[in-house]
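Structural features, examined
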Amino acid sequence: MVGLGLLAVPTGAGAAPVLPPVTPEELVASVLTADPDAFAGTVEVDNSLGLPPLPDVPQAGDGTSTARVWSDGEDGGRVQLPTADGEKTFVSDGTTFWAYDSQGRTVTEGTGADRPARPDAADPAAAATEAIRMLQSSSTVTVDGTAEVAGRPAYELVLSPAPDERTLLREVRIAVDAEQRVPLRMTVLATGSSDPALQVGFTELAFGPQDPALFTFTPPPGSTVVEPDAERPEGLPERPGTAPTVVGDGWDTVVLATVPATGEGEGTGMDLRALGTPVSGPWGSGTLIGTAVANAIVTDDGRVAVGAVPEQVLTEALAR
Amino acid sequence: MTTAPVLDPVSDAPRAAPLGRLLAAELRWVLRRPRTLVMLGLFALIPVLISIGVATAGATGRGPGLVSAVAGNGLVLPIVALTLSMALLLPLAVAMAAADAIAGESAHGTLRGLLLSPVSRLRLVVMKAFGVLVVATLATVVVAAVGVLAGLVVVGGADGQLVTLSGTALGPGAALLRVGLVVVFVVGQLAAVGAVALAVSSVTDHPLVVLASVLGALIVFGVLSAIPALEWLQPWLLTSGWTAGVDALRDPLPLGGMIESSLRALCYVAVGMGLTTYRMLRRDA
């Protein structure tokens, strides 16, 4: 019984480690220039965004999912997303990229620009560094004590929106490894909720040289190799004239895009209406899809506006 | 009656029978039961049926689900078959053996002889636990061994290799090692079921009660783990780690899930065997 109790107790809830003080500016600068060593780690994604689980991305739905991440410290990387009865594997050796899906046993192979979509969100280090780069100019940056993540001491870097930013988010907390200056955990907190809307963090992390065989991939017998463009699952529509435009910057960034007009437009419209509520304004009419941290408006004429902002900011962006 | 009292012509004082002979006697007793043999035969059918199903579905059978991972990839079959039969069938076999071991003998009136024989109660518990463990191991090994054969013969291996869920190919040696690992893992989990079943078996005279309580508990565990609000209960439930056997199909091998599950099973073994011993030491003949 005691043993079961030990298994039930969450680990890693130790006291906050004592670290030499650091200014927020130094910490941000060191994160942006950090050159982490090779590592192997396990990442846990705790998702309460309120999105429906998508057929190809069960991780998008609410719940906890894990990812296994390797890096050789250079360009090579490997991400594995296990599900109960399958796995998606993404491998890169720096020039060639492979994506393997165990369900159809398909390998998507590409180089450089043809790089198959990789789940950068599964790598807290990459996602958090990107967030710092995007948000630091429009944020109040503070260091809020220390924390222990995956057994490693870390600084808690807090980015909160400047007062004139109109956003649904309250703050983004990033735990930065004290030694390697790599983000170990990113927590997104929405206004009006004390529970994180999204938390991506390492639960296990070990720095050290990795087996080079991890960063190359040989299509296994019985698998089919497809070109990256031949099978672009629900991917971003990259056609002329549909390149997304960005309105605003920092926390109240709104991304405007155009849904490609297809013959089955009616069908997709129906689905979206089931997900959201109808809205209209001088910009036209459409469907508002809201989650805890972001809103999206899909207009009836096929435009999409997405941002971590209140509805009003979206409609202003659409009206421009 | 599994052992005859050893009578010493010199002094009438009872003497302990050697443990090896006790275990051999229990083994004979367990393996001579027709139901044990029929059950092992039925277990051999599970991988065969899966392999025939997968082979007839052919390439069209690909899609989501673990069974589709077997298509054209025969060495996956033993692991998939073990994972599938672990849900209810293997625990059922173990619960049956545990029910026969104590409650069954008690119902037949043969337990009385055992309790009176010059065998310490502790040895009796060890002997009964050994019998249950043998059934668990045999059932698991049968599923795995027939799974390997059926996978290679009926489904056919991917060039004699095992294609992991991560997209790497393992040679036959490495693949068999993985199967062996899953066998050890499954036997460990079944030992936990068996220990708890023995504990129930030692307090009742009705074998059916043992079967019903073990299967009922498994179903309740399944229901509890499906309720999101009871997520905090997960680390306490034996069944919550039972899918970890599939981890053997991933590369590099993640051992975390299987180790955690095995530790949990160990706790159940300790509790189950503790209760069994406690009850048997105090039981009236």
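Values in this document were obtained by computation on a predicted structure and should not be read as measured data.

**Some details on the overall build of chain A**
Summing up its helical and strand segments, chain A has five helices and 18 strands in all. Looking at the 320 residues of chain A, the share that counts as buried comes to 47%. In chain A, 51% of the contacts between residues at least 6 apart in sequence involve partners at least 24 apart. Here chain A displays about 15900 Å² of accessible surface, and carbon together with sulfur accounts for 56% of that area.

**Quick word on the interface of chain B and chain A**
Every contact between the two is made by 35 residues of chain B and, on the other side, 28 residues of chain A. Around 2300 Å² of area is buried between chain B and chain A when both sides are counted, 58% of it from carbon and sulfur atoms. Linking chain B with chain A are one salt bridge. Salt-bridge contacts for R250 of chain B lead to E87 of chain A; the nearest nitrogen and oxygen are separated by 2.8 Å. If you look at where chain B meets chain A, you find eleven residue pairs in polar contact (both at pLDDT 80 or more). In terms of residues, the side of chain B that touches chain A owes the most to one element, helix α9 (residues 256–281) of chain B, which gives six residues. For the side of chain B that touches chain A, the class distribution of residues is 19 nonpolar, ten polar and six charged.

**Looking at the UniProt feature "transmembrane region" (unreviewed entry) in chain B**
All names here are of chain B. Residues annotated in UniProt with the feature "transmembrane region" (unreviewed entry) correspond here to residues 37–59, 79–103, 124–155, 175–201, 208–230 and 262–281. In this annotation, residues 79–103 is assigned 92% helix and 0% strand; the end-to-end C-alpha distance for the span is 33 Å. For the annotated span residues 175–201, helix accounts for 100% and strand for 0% of the residues, and the straight-line distance between the end C-alpha atoms is 38 Å.

**So, the environment of L214 of chain A**
Relative to the assigned elements, L214 of chain A resides in the loop between β11 (198–207) and β12 (224–226). What makes L214 of chain A buried here is its relative accessible area of 11%. When the C-alpha positions of L214 of chain A and G77 of chain A are compared, they lie 8.1 Å apart, and in sequence the two are 137 residues distant. Once residues lying within four places of it in the same chain are set aside, the contact partners of L214 of chain A are W70, R78 and V91 of chain A together with P252 of chain B.

**A look at the pattern of salt bridges**
A full pass over the atoms with the stated rule returns 18 salt bridges over all chains. A salt bridge links E156 of chain A to R185 of chain A; the nearest nitrogen and oxygen atoms lie 3.2 Å apart. Of this pair, E156 of chain A sits in strand β8 (residues 152–161) while R185 of chain A sits in strand β10 (residues 183–190); the two residues are 29 residues apart in sequence, bridging distant segments of the chain. The class of E156 of chain A is buried, set by a relative accessible area of 9%. When the shortest N-O distance is used, the salt bridge between D100 of chain B and R35 of chain B registers 2.7 Å. Pair noted here: D100 of chain B is in helix α4 (residues 89–108) and R35 of chain B is in helix α2 (residues 34–57), with a separation of 65 residues, a long-range link. Accessibility expressed as a relative area gives 12% for D100 of chain B, which makes it buried. Overall, the relative accessible area of 39% leaves R35 of chain B in the partly exposed class.

**Comments concerning the environment of L165 of chain B**
Within the secondary structure layout, L165 of chain B lies in the loop between β1 (162–163) and β2 (169–170). Sequence separation of L165 of chain B and D247 of chain B is 82 residues, and the distance between their C-alpha atoms is 9.0 Å. Dropping the residues within four chain positions of it, L165 of chain B is found in contact with D85, G86, E87, T89, Y100 and S102 of chain A together with A69, V246, L249 and R250 of chain B.

**Thoughts on the pairing of strand β4 (residues 86–92) of chain A**
Residue and element names in this part refer to chain A. The buried fraction of β4 amounts to six of the seven residues, a majority that puts the element mostly inside the structure. As paired elements, strand β3 (residues 77–83) and β4 share seven bridges and run antiparallel to each other. Its bridge partner lying in β4, T83 is registered against G86. The loop that links β3 with its antiparallel partner β4 comprises two residues. Here five bridges tie β4 to strand β5 (residues 96–101), and the two strands are oriented antiparallel to one another. Following the sheet pairing, F90 is matched in β5 by A99. Linking β4 to β5, which pair antiparallel, is a turn of three residues; within it G94 sits at a positive phi near 105°.

**Focus on unusual backbone geometry**
Following D251 of chain B, the chain continues into P252 of chain B via a peptide bond in cis, with omega recorded as -5°. Checked against the element boundaries, P252 of chain B lands in the loop between α8 (207–225) and α9. Even without a glycine there, the phi angle at R105 of chain A is positive, about 50°. Using a relative accessible area of 5% as the deciding quantity, one classes R105 of chain A as buried. Despite not being glycine, A150 of chain A has its phi angle at roughly 50°, a positive value. Within the secondary structure, A150 of chain A is located in the loop between β7 (139–149) and β8.

**What about the packing of helix α6 (residues 121–155) of chain B against α9 of chain B?**
All names here are of chain B. Direction vectors running N to C along α6 and α9 enclose 135°, while the axes themselves pass 9 Å from each other. When the axis of α6 is compared with that of α9, the two are oblique. Judged by the twist between their axes, the crossing of α6 over α9 is right-handed. In contact with R121, L122, L124, V125 and A129 of α6, α9 contributes M273, T276, T277, M280 and L281. Residues belonging to the contact of α6 with α9 are distributed by class as follows: seven nonpolar, two polar and one charged.

Reading guide: rules and limits
Residues numbered from 1 in each chain as written. Chains lettered and ligands numbered in written order. Predicted model: local features only at pLDDT ≥ 70, side-chain atom pairs only at ≥ 80, totals over all residues. Heavy atoms only, no water. Helix = DSSP H or I, 4+ residues; strand = E, 2+ residues; numbered from the N terminus. Buried < 20%, exposed > 50% of the residue type's maximum accessible area, 1.4 Å probe, protein only. Contact = heavy atoms within 4.5 Å. Areas by Shrake-Rupley, 256 points an atom, 1.4 Å probe, with all protein chains shown as cover. Buried area = accessible area lost by both parts, 1.4 Å probe. Salt bridge = Lys/Arg side-chain N within 4 Å of Asp/Glu carboxyl O. Polar contact = N/O pair within 3.5 Å; in protein donor to acceptor, adjacent residues only side chain to side chain. Nonpolar A, V, L, I, M, F, W, Y, C, P; charged D, E, K, R; others polar. UniProt positions renumbered as here; feature names shortened; annotations may be inferred. Pairing = 2+ DSSP bridges. Axes fitted to C-alpha atoms, helices over the stretch in contact; angles between N-to-C directions. Parallel < 35°, antiparallel > 145°, perpendicular 65-115°, else oblique. Left-handed = near helix turned anticlockwise from the far one by under 90°.

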